[in-house]
Amino acid sequence: METERLRLRQFRIDDAELLVGLDSDPEVMRYLTGQPTPREELEDVVLPGILKVYAEHPGLGTFAAEDRDGFVGWFGLQPTDEPTAVDVGYRLLRRAWGKGYATEGTKALIEHAFTELGMERVVADTMAVNHRSRDVMRRAGLRFVRVYHEHFEDPLPGTEFGEVEYAIDRGTWEATQHG
Ligand SMILES: CC(C)(COP(=O)(O)OP(=O)(O)OC[C@H]1O[C@@H](n2cnc3c(N)ncnc32)[C@H](O)[C@@H]1OP(=O)(O)O)[C@@H](O)C(=O)NCCC(=O)NCCS
């Protein structure tokens, strides 16, 4: 899939190094786990899990994003408990922040979900305090739905403010596509 500035492609088994580079930045991981993801976990669990989703859910999964200089991060369109709803997410290298890439990729995946995949709803979640991520959701057309609280054994700073859910349904998306 291509957007104005990005190419999205499936990850391959030899792409672990890209994930290691991305997840090694504590600032990138701040609202996710708060720490770099160990290489073994990325190689043995995360990457095989990504490849498994391609096989089990055609059209869905986690996609490597590249600009003309190479890898910038990933975008994900994941299955949910609801067969006609998908969950959108993103994680970019810090040097790729501040360029509008996350909004551009998220809009493209939302369009893909409604047009190619026949979905009825796209949802997204993040920590309430992850304002950069919430801004992406809003700019991509997703609307705030609710705050909810989850229990974590070792909560990240800001967990007390909860998680937020955003979503857009097909009708609302179609109504914004004119002109
Ligand atoms: C969440 C994340 C992807 C947001 O990245 P981002 O760069 O802030 O978001 P966008 O790509 O939409 O870029 C928007 C910024 O680019 C600027 N920009 C520059 N050129 C632009 C262009 N051509 N088009 C649009 N925006 C542009 C905007 O003004 C805005 O700047 P601001 O942050 O100063 O307001 C990034 O912070 C990240 O990877 N975080 C770590 C992972 C994470 O938390 N993921 C979400 C967990 S659920």
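Residues numbered from 1 in each chain as written. Predicted model: local features only at pLDDT ≥ 70, side-chain atom pairs only at ≥ 80, totals over all residues.

Engineer: Would you mind going over the site of the ligand in detail, with residue names and values included?
Structural biologist: The full set close to the ligand counts 19 residues, and Trp97, Gly100, Ala102, Thr103 and Thr126 are the nearest of them. Those elements that place two or more of their residues in the shell around the ligand are β4 (85-92), α4 (101-115) and α5 (131-139). Partitioning the shell around the ligand into residue classes produces 8 nonpolar, 7 polar and 4 charged. (Near = placed C-beta within 6 Å. Helix = DSSP H or I, 4+ residues; strand = E, 2+ residues; numbered from the N terminus. Nonpolar A, V, L, I, M, F, W, Y, C, P; charged D, E, K, R; others polar.)

Engineer: How would you explain the pairing of strand β6 (residues 143-148) if you had to name every residue and give the values?
Structural biologist: For a regular strand, side-chain orientation follows a simple rule: the groups alternate between the two sheet faces. Judged by how many residues are buried, β6 sits mostly at the surface: 0 of 6 residues are covered. Looking at chain direction, β6 and strand β7 (residues 163-169) are connected through 5 bridges and run antiparallel. Of the residues in β7, the one forming a bridge with arginine 143 is alanine 167. (Buried ≥ 20, exposed ≤ 12 C-beta atoms within 10 Å, placed from the backbone. Pairing = 2+ DSSP bridges.)

Engineer: Please set out the nonpolar core residue by residue, giving values where relevant.
Structural biologist: Judged by nonpolar contacts, the single largest core of 36 residues is most densely connected at Ala65, Val86, Val88, Ile110, Ala113 and Val122. Residue contributions to this core peak at 6 residues, all from α4. Dropping the residues within four chain positions of it, valine 122 is found in contact with Val86, Val88, Ile110, Ala113, Ala167 and Ile168. (Core = buried A, V, L, I, M, F, W, Y, C linked by C-beta atoms within 7 Å. Contact = placed C-beta atoms within 7 Å.)

Engineer: Go over the sheet that holds β4, please, and point to the residues and values.
Structural biologist: The mixed open sheet is built from 7 strands, whose spatial order is β1-β2-β3-β4-β5-β7-β6. The open sheet has two edge strands, β1 (7-10) and β6, and neither has a second partner. In this sheet, neighbouring strand axes are inclined to one another by 30° on average, regardless of whether the strands run parallel or antiparallel. As judged from the 7 bridges shared by strand β3 (residues 70-79) and β4, these two strands associate in the antiparallel manner. Looking at the pairing, tryptophan 74 lines up with arginine 91 of β4. Each of β1, β2 (61-67), β3, β4, β5 (121-127) and β7 touches α4; the most contacted strand, β4, lies at about 160° to it. (Axes fitted to C-alpha atoms, helices over the stretch in contact; angles between N-to-C directions.)

Engineer: Quick one: what's the story with the pairing of β2, residue by residue and with numbers?
Structural biologist: Burial runs high along β2: 5 of the 7 residues are buried. With 4 bridges connecting them, β1 and β2 associate as antiparallel partners. What sits directly across from leucine 8, in β2, is alanine 65. The sheet contact formed by β2 and β3 spans 7 bridges and is antiparallel. When the bridges of β3 are listed, glutamate 66 appears paired with phenylalanine 71. Hairpin connection, β2 to β3: the antiparallel pair is bridged by 2 residues.

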